[in-house]
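# Close look at the chain arrangement
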Amino acid sequence: MWTYGGTYPGLTLRRPTGQSTRVTFFNNLPSLAGGKTVHHHGSHSASADDGQVTGANFLFEPGQARTYTYDGIENGENERGAMQWYHDHRMGETGMNVWMGLTGLFIIDDPADPATLPSGSYDLPLVIADRQFDGNNQIQYFYDPAGVVGDTVLVNGTYQAYLNVADRKYRLRILNGANARRYIFTLSTGEPFMQIGTESGLLPAPVARTAMDVGPAERLDVVVDFAGKLGQELYLMDAYQVVPLLKFRVNQSVIDTSTIPSTLRPLPDIGQPTVTRNFSFDFTSNHWSINGLTFDPNRIDARPVLGTTEKWVFTNPTGTIHMVHIHDVDQQCLSRDGGPCYPYEKMKETWSVGPGETLELKMKFTDHIGKYMLHCHILEHEDDGMMTQFEVVAPTPTATPGPAPAQPLNISTRARVQGGDNALIGGFILTGSDAKQVIIRALGPSLAASGMPGALSDTTLDLYDASGHLLASNDNWKESQKAQILATGIAPSEPLESAILTTLTGNSSYTAVVRGKNGATGVGLVEVYDLGLGATSKLANISTRGFVDTGDNVMIGGFIVGGSAANPTRIVVRALGPSLSRFGITNALQDPTLSLYDSNGSVMATNDNWRDGQQPEILAAGLAPTDDRESALFAPLPAGAYTAIVAGKNNTIGVGLVEAYNVQ
Ligand code: C2O
Ligand code: CU
Ligand code: CU
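The present account deals with the structure reproduced in this document.

Calculation criteria
- Residues numbered from 1 in each chain as written.
- Chains lettered and ligands numbered in written order.
- Predicted model: local features only at pLDDT ≥ 70, side-chain atom pairs only at ≥ 80, totals over all residues.
- Heavy atoms only, no water.
- Donors = N, O, S within 2.8 Å, 3.2 Å for Na, K, Ca; no water.
- Buried < 20%, exposed > 50% of the residue type's maximum accessible area, 1.4 Å probe, protein only.
- Phe/Tyr/Trp six-rings, centres within 6.5 Å; stacked < 30°, edge-to-face > 60°.
- Helix = DSSP H or I, 4+ residues; strand = E, 2+ residues; numbered from the N terminus.
- Lys NZ or Arg CZ within 6 Å of the ring centre and 35° of its normal.
- Pairing = 2+ DSSP bridges.
- Axes fitted to C-alpha atoms, helices over the stretch in contact; angles between N-to-C directions.
- Disulfide = S-S within 2.5 Å.
- 1 Å grid on protein atoms, 1.4 Å probe; cavity = no way out; pocket = protein on both sides within 12 Å on 5 of 7 lines; lining within 4 Å.
- Points joined across faces, edges and corners; volume = space filled by probe spheres on them.
- Nonpolar A, V, L, I, M, F, W, Y, C, P; charged D, E, K, R; others polar.
- Core = buried A, V, L, I, M, F, W, Y, C linked by side-chain atoms within 4.5 Å.
- Salt bridge = Lys/Arg side-chain N within 4 Å of Asp/Glu carboxyl O.
- Lys, Arg positive; Asp, Glu negative; His and termini not counted.
- Contact = heavy atoms within 4.5 Å.
- Polar contact = N/O pair within 3.5 Å; in protein donor to acceptor, adjacent residues only side chain to side chain.

## Describing the coordination of the copper ion (ligand 3)
The coordination sphere of the copper ion (ligand 3), as far as protein atoms go, consists of His322 (ND1), Cys376 (SG) and His381 (ND1), spread over 2.0 to 2.1 Å. Along the chain, the residues donating to the copper ion (ligand 3) are arranged with the sequence spacing H-x53-C-x4-H. Each member of the pair, Cys376 together with His381, is buried.

Below, the structure is given as structure tokens:
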């Protein structure tokens with residue numbers, strides 16, 4: 001066999017949640033086995049650590065090694081406890097590589113899960129998978145795009161396994177580790193299992209089930225009670241083939257202090273979807289396909305925006321069941337075949353979709369941008385072509401400004417904060433290599449205190465780096481860094497406002513996202529202040545994207561320019577709308593207008609279409625908007641505070657972006 005660490009299943013990795021883990025795999029296989037890639041199935045990994053299916057950066061050849069990092073963090077919090085697994089994922093060869101033995105378990109223990117569930121030696125992982133052996137008891141694999149099955153079912157690599165157990169409750173964590181075979185698990189007594197969890201961790205409440213039909217890669221977290229069965233033998237059965245899989249010999253008597261709480265873990269609140277996509281699991285020109293297309297590593301079929309929630313709809317016009325598996329994030333079930341989802345499939349990452357069925361899921365894309373897979377987990381369907389890629393993209397377009405002679409000291413933007421794509425998003429760039437201390441604030445209640453109608457009553461703030469990793473989050477500023485924030489002299493005036501004080505590396509761009517707590521909407525303000533003026537790095541650009549409404553709810557960008565009156569800072573301000581459609585914004589402002597005010601409220605300049613204004617200066621700065629309806633202004637500005645207002649032409653509304661650049 002080909003194994004991870006010499007056994008099948010491979011070495012079980014077991015880690016507390018939230019602890020970053022680096023795992024190095026050495027490829028000691030014979031050269032004919034070729035390059036390998038390891039996918040940690042169920043992990044919310046960075047794209048580069050997800051086990052990309054092809055490419056020199058991702059495959060490690062015989063004689064080579066590759067290290068993967070799994071940080072155990074999801075949406076800024078500890079990843080939920082779950083039994084995950086890892087397996088090979090090489091394009092076109094996953095079926096063979098897994099069949100040969102490249103499968104192992106990865107268990108995440110989570111102190112937020114109830115502690116009274118059976119644990120320790122009463123918590124048993126079971127990998128159930130079939131294999132075919134030849135006359136010399138050697139594994140043989142003959143590729144068949146319909147799916148490869150064998151006549152021998154193994155439990156943790158053992159045929160006709162048995163287990164001595166005590167007369168008490170056991171937690172069984174079952175992985176269907178088969179390439180293509182489904183099992184219907186039953187107990188020979190006809191008694192039910194209590195299902196407590198899925199691939200994605202604990203259910204909100206336990207569900208009693210007597211027969212559990214599961215396809216490849218699905219996991220079941222169940223509790224079985226052997227109380228009152230001392231001296232008996234019973235079996236875990238497969239009701240499809242009607243064969244016993246694992247014998248339990250109840251031959252020890254112990255006191256059972258474990259319990260199954262009636263509520264386990266609530267589902268995370270991931271909000272309502274703002275985008276819908278459809279995926280049909282098809283059979284096209286004699287190959288398994290998705291939306292009629294077989295896998296192409298150079299094609300990406302969906303580009304969800306980081307931080308947003310989407311609805312994905314899966315249909316199956318073929319005559320056989322497919323196993324929809326989505327990498328990166330867990331999914332919550334919205335409906336199955338137009339009706340409610342089964343009570344035991346609230347949140348998962350591998351789903352059965354039968355012939356003619358429709359499955360609607362929602363998921364929120366958090367923490368990581370980059371490419372991820374979506375495929376049928378019948379491995380020969382995947383290898384035959386039933387796989388595609390999506391790419392999670394950053395919420396704001398970024399630009400690279402030129403070096404800056406003087407420096408803006410602060411930026412701020414006020415806009416109406418709505419759900420999903422309409423959150424208030426502030427982007428900024430630090431040029432120069434020095435690290436720089438900044439404070440980012442999200443204001444709402446204090447705007448109300450100063451008379452702003454409809455201000456957000458409670459803000460949240462998230463800070464991301466250029467690759468979309470969440471760097472910090474804050475809800476109420478006093479709850480963390482209170483003393484340090486007070487020491488800056490610019491602490492928010494209201495306790496429900498948010499602030500992040502941090503030191504950021506130079507030559508990089510950052511994104512701050514302001515939302516209303518629990519999806520509330522209202523007017524909010526995002527601000528970045530430069531606290532590290534001594535450093536050679538500069539706050540060189542700011543951009544803010546938000547929903548541009550009318551009246552008081554137009555989008556307002558503010559910035560403060562440092563330096564002296566004798567040495568004005570050359571600033572380009574832009575207002576973008578139509579070009580945001582390219583980044584997947586569906587309700588972009590179609591024709592933005594821009595006006596620039598000084599601190600006395602006097603209009604300094606206005607622009608509707610940038611080509612009608614200072615076209616040569618804007619082109620020379622390399623900052624021409626890509627759409628002629630967009631606006632831009634160039635101005636040499638003395639030290640002072642300025643305000644740029646973006647409104648939709650003729651009171652139109654939509655998502656707009658305001659940016660200020662410091663140019664030479
Ligand atoms: Cu377990 Cu993409 O796979
Ligand atoms: Cu996976
Ligand atoms: Cu399939």
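Next comes the rest of the account.
## Brief notes about the packing of aromatic side chains
Overall, the coordinates contain 20 aromatic pairs when judged by the stated rule. Between Tyr122 and Tyr170 the ring centres are 5.3 Å apart and the planes differ by 85°, which places this aromatic pair in the edge-to-face class. Residue Tyr122 is located in the loop between β8 (103-109) and β9 (123-131), and its partner Tyr170 is located in strand β13 (residues 169-176); the two are separated by 48 residues in the primary sequence. Ring centres 5.4 Å apart and planes at 20° place the aromatic pair Phe279 and Phe314 in the stacked group. Separated by 35 residues along the polypeptide, Phe279 in strand β21 (residues 275-284) and Phe314 in strand β23 (residues 309-315) bring together distant segments of the chain. According to the relative accessible area criterion, Phe279 is buried, its value standing at 3%. Of the residues examined, Phe314 reaches a relative accessible area of 0% and is grouped as buried. Put simply, the rings of Phe279, Phe281, Trp312, Phe314, Phe365, Tyr372 and Phe390 pair up and form one aromatic cluster. Its end group placed over the ring of Tyr344, Arg209 keeps NZ or CZ at 3.3 Å from the ring centre.

## Focus: the sheet that holds strand β19 (residues 233-238)
A sheet is described by the order of its strands in space; here five strands give the open sequence β12-β20-β19-β14-β17, paired in mixed fashion. The outermost strands of the open sheet, each flanked by one partner alone, are β12 (161-166) and β17 (212-214). The average angle at which neighbouring strand axes cross in this sheet is 25°, direction not considered. Where strand β14 (residues 183-187) meets β19, three bridges bridge the pair, whose relative direction is antiparallel. Looking at the pairing, Thr186 lines up with Met237 of β19.

## Section: the coordination of the copper ion (ligand 2)
Distances from the copper ion (ligand 2) to its protein donors, His39 (NE2) and His325 (NE2), fall at 1.9 Å. Placement of the pair is His39 in strand β3 (residues 38-41) and His325 in strand β24 (residues 322-326), with a sequence separation of 286 residues. Each of the two residues, His39 as well as His325, counts as buried.

## A short note on the state of the cysteines
For the coordinates displayed, the defined rule picks out one disulfide. Here Cys333 connects covalently by a disulfide to Cys341, the sulfurs 2.2 Å from one another. What sets the handedness of the Cys333 and Cys341 disulfide is the S-S torsion sign, and at about -85° it is left-handed. Among the residues examined, Cys333 registers a relative accessible area of 14% and is labelled buried.

## Some remarks on the layout of surface pockets
Of the volumes computed, that of the largest pocket is approximately 1300 Å³. Residue lining of the largest pocket: 42 residues in total, with Asn75, Glu77, Asp269, Ile270 and Lys364 positioned closest to the centre. When residues of the lining of the largest pocket are traced back to their parent elements, those giving at least two are β6 (77-78), β34 (459-464), β35 (470-474) and β37 (508-516). For the lining of the largest pocket, the element with the most residues is β35, which contributes five residues. Taken together, the residues that form the lining of the largest pocket break down as ten nonpolar, 20 polar and twelve charged.

## Details of the nonpolar core
The tendency in soluble globular proteins is for nonpolar side chains to be buried side by side. Phe281, Trp312, Phe314, Ile326, Leu374 and Phe390 are the most contacted members of the largest nonpolar core, which totals 32 residues. Those elements giving two or more residues to this core turn out to be β21, β22 (287-290), β23, β24, β27 (350-353), β28 (358-364), β29 (370-376) and β30 (387-392).

## Details of the pattern of salt bridges
Two side chains with opposite charge may pair up if their charged atoms get near one another. In total, this model carries 27 salt bridges according to the counting rule given. Between Glu349 and Arg219 there is a salt bridge, with its nearest N and O atoms 2.7 Å apart. With a gap of 130 residues between them, Glu349 in the loop between β26 (347-348) and β27 and Arg219 in strand β18 (residues 219-225) connect regions that are remote in the sequence. On the basis of relative accessible area, Glu349 is assigned to the buried category, the value being 2%. Between Arg299 and Asp301 there is a salt bridge, with its nearest N and O atoms 2.9 Å apart. Owing to a relative accessible area of 18%, Arg299 belongs among the buried residues under this scheme. Given a relative accessible area of 30%, Asp301 falls into the partly exposed group. Overlapping salt bridges, with partners in common, bring together Arg14, Asp109, Asp123 and Arg173 in one network.

## Section: the side chain of Asp383
Checked against the element boundaries, Asp383 lands in helix α2 (residues 379-384). No salt bridge is formed by the buried Asp383; the nearest opposite charge belongs to Arg90, separated by 9.3 Å. In this structure, Asp383 is in contact with Arg90, Gly92, Glu93, Thr94, Gly95, Met96 and Tyr143, ignoring residues within four places of it in sequence.

## Considerations on the pairing of β34
Within a regular strand, side chains alternate between the sheet's two faces. Burial analysis of β34 places six of its six residues in the buried class, which makes it a mostly covered element. Residues Thr459, Leu461 and Leu463 point to one face of β34 and Thr460, Asp462 and Tyr464 to the other, with burial holding for every one of them. With six bridges connecting them, β34 and β37 associate as antiparallel partners. By the bridge assignment, Thr460 is partnered in β37 with Arg515.

## Considerations on the side chain of Asp475
In this fold, Asp475 is placed in the loop between β35 and α4 (482-487). Using a relative accessible area of 19% as the deciding quantity, one classes Asp475 as buried. Within the structure, Asp475 has its side chain in polar contact with the side chain of Lys517 (distance 2.8 Å).

## Quick word on the sheet that holds β8
For sheets, the rule is that strands pair by backbone hydrogen bonds, running either parallel or antiparallel. The strand order across the open sheet formed by four strands is β1-β8-β7-β3, and the pairing between neighbours is mixed. Only two strands of the sheet have a single neighbouring strand rather than two, namely β1 (10-16) and β3. Between one strand axis and the next, the sheet turns through 20° on average, direction left out of account. Here strand β7 (residues 82-88) runs beside β8; their pairing, made up of six bridges, is antiparallel. Looking at the pairing, His87 lines up with Thr103 of β8.

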